[in-house]
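Here's the letter readout for the chains.
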Amino acid sequence: LIVQNPNVTLLAKELKRAMEAGIYVVQVNMASNTLTDAYVGVDAKDLGRKLARNIIGDCGGGKGSGEVSILEGEATAAYSLDMKNGALEVFKTDPSIKVVSSQPTSWDANKAGEITSTVLQQHPNLCAVLSVWGPQAAGAAQAIKAAGKTGQAKIYVASDGQPADCDQLEQGAFYRNLSYRADTQGEAIVNAVIALLQSGEKPGSKRIAYYTTPAWVNGKDDRMYCFTVPKDGK
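Below, the structure is looked at part by part. No experiment lies behind these values; they were computed from the predicted model shown. (Residues numbered from 1 in each chain as written. Predicted model: local features only at pLDDT ≥ 70, side-chain atom pairs only at ≥ 80, totals over all residues. Heavy atoms only, no water.)

**So, the packing of helix α2 (residues 44-59) against helix α3 (residues 78-91)**
Heads up, the condition is: With axes taken as lines fitted to C-alpha atoms, and helix axes fitted only over the stretch in contact, angles between N-to-C directions fall between 0 and 180 degrees. Counting from the N terminus, the helices are the DSSP runs of H or I reaching at least four residues and the strands are the DSSP runs of E reaching at least two. The labels follow the angle: roughly parallel below 35 degrees, roughly antiparallel above 145, roughly perpendicular from 65 to 115, and oblique for the rest. Crossing handedness follows the turn of the near helix against the far one: under a right angle anticlockwise gives a left-handed crossing, and clockwise gives a right-handed one. For this analysis, residues touch if any pair of their heavy atoms sits within 4.5 Å. Ten residues, namely Ala, Val, Leu, Ile, Met, Phe, Trp, Tyr, Cys and Pro, are considered nonpolar, four, namely Asp, Glu, Lys and Arg, are considered charged, and the remaining ones, Gly among them, are considered polar.
Where α2 meets α3, the axes come as close as 7 Å, and the angle between the chain directions of the two elements is 40°. Overall, the two elements α2 and α3 adopt an arrangement that is oblique. Crossing angle aside, the handedness with which α2 passes α3 is right-handed. Between α2, through Ala44, Lys45, Leu47, Gly48, Arg49, Leu51, Ala52, Arg53, Ile55 and Ile56, and α3, the contact on the second element is made entirely by Tyr79, Asp82, Met83, Gly86, Ala87, Glu89, Val90 and Phe91. In the contact of α2 with α3, the residues fall into 11 nonpolar, 2 polar and 5 charged.

**Thoughts on the packing of helix α4 (residues 109-122) against helix α5 (residues 134-146)**
To characterise two packed helices, one gives the angle between the axes of the helices and the distance between these axes. Two elements in contact, α4 and α5, have axes separated by 7 Å at closest approach and are oriented at 40°. In the packing of α4 onto α5, the handedness of the crossing is right-handed. Contact residues: Ala109, Ala112, Gly113, Thr116, Ser117 and Leu120 in α4; Pro135, Gln136, Gly139, Ala140, Ala143 and Ile144 in α5. Tallied by class, residues from the contact of α4 with α5 come to 7 nonpolar, 5 polar and no charged.

**Description of the sheet that holds strand β8 (residues 176-179)**
Definition in use: Two strands are counted as paired when DSSP detects at least two bridges linking them.
What the 6 strands build is an open sheet, ordered β5-β4-β6-β7-β8-β10; its pairing is mixed. The sheet is open, and its two edges are formed by β5 (98-104) and β10 (215-217), each paired on a single side. Ignoring strand direction, the axes of neighbouring strands in this sheet form an average angle of 20°. Alignment of β8 against β10, held across 3 bridges, turns out to be antiparallel. Each residue of the ladder has a partner; that of Ser179, found in β10, is Ala215. Against the sheet, α2 touches β4 (67-72), β6 (128-131), β7 (154-159), β8 and β10, its axis set at about 165° to β7. This element, α4, spans β4 and β5 of the sheet and lies at about 150° to β5.

**Re empty space enclosed by the protein**
The criterion, for reference: Lining residues are those with an atom within 4 Å of a point, where the points come from a 1 Å grid over the protein atoms alone and group into cavities, where a 1.4 Å probe fits but cannot get out, or pockets, open sets with protein on both sides within 12 Å along at least five of seven lines. Grid points are joined across faces, edges and corners, and a volume is the space filled by probe spheres set on the points.
Inspection of every chain in the model, using the stated rule, returns 1 cavity of 30 Å³ or more. Computed from the structure, the largest cavity encloses a volume of approximately 50 Å³. Surrounding the largest cavity, Tyr24, Asp37, Leu196, Ser199, Glu201, Lys202, Ser205, Lys206 and Ile208 form its lining. Per-class residue counts for the lining of the largest cavity are 3 nonpolar, 2 polar and 4 charged.

Written out as structure tokens, the structure reads:
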């Protein structure tokens with residue numbers, strides 16, 4: 001059973017029941033409160049820490065206003081929750097950083113745009129927007145451009161490697177892009193399934209993690225960190 005959990009609780013009991021019934025369970029990126037046989041995905045908390053350190057370097061210590069807005073995904077999704085908590089852990093080490101907003105977007109670019117527009121009205125000196133996912137941040141970029149704040153309110157994105165996220169970085173809409181390749185996670189899922197099926201061990205008796213390594217996308221020379229979609233792909 002290969003699962004991407006909408007949030008940390010929704011499938012928790014079902015995943016436990018599956019393992020008790022003799023079914024191996026692999027979770028992908030969006031973890032549950034129930035630990036299963038394998039996890040394939042990023043260390044979301046560490047992604048949050050890395051993005052936060054960059055924001056402190058650019059906006060803290062008098063280099064900027066220190067005002068930061070966090071664009072969450074789904075508030076109770078592990079990926080979003082862990083990344084936010086990792087970022088907050090780092091932000092707390094610098095008193096010059098002020099998180100003025102942290103709101104869920106439901107992964108929607110329009111919602112992210114609305115939130116960012118409101119935050120900019122309330123905090124015109126906003127220095128950074130930390131988005132847990134690239135596509136939703138496109139709406140924030142539009143709001144920043146409409147407010148004439150491009151270059152001042154910088155967008156820091158955790159990306160799953162979608163080509164559009166690399167495009168936004170190259171065009172200057174995103175300031176920093178910490179990217180992992182979702183397509184390579186597909187290969188890791190296959191490896192996890194094969195390993196579990198060949199192990200002969202009882203489902204639920206072991207916990208394995210296959211972590212995806214992220215990399216910074218700084219420009220066109222880093223396009224390898226965004227996957228490509230075949231022209232005949234569907």
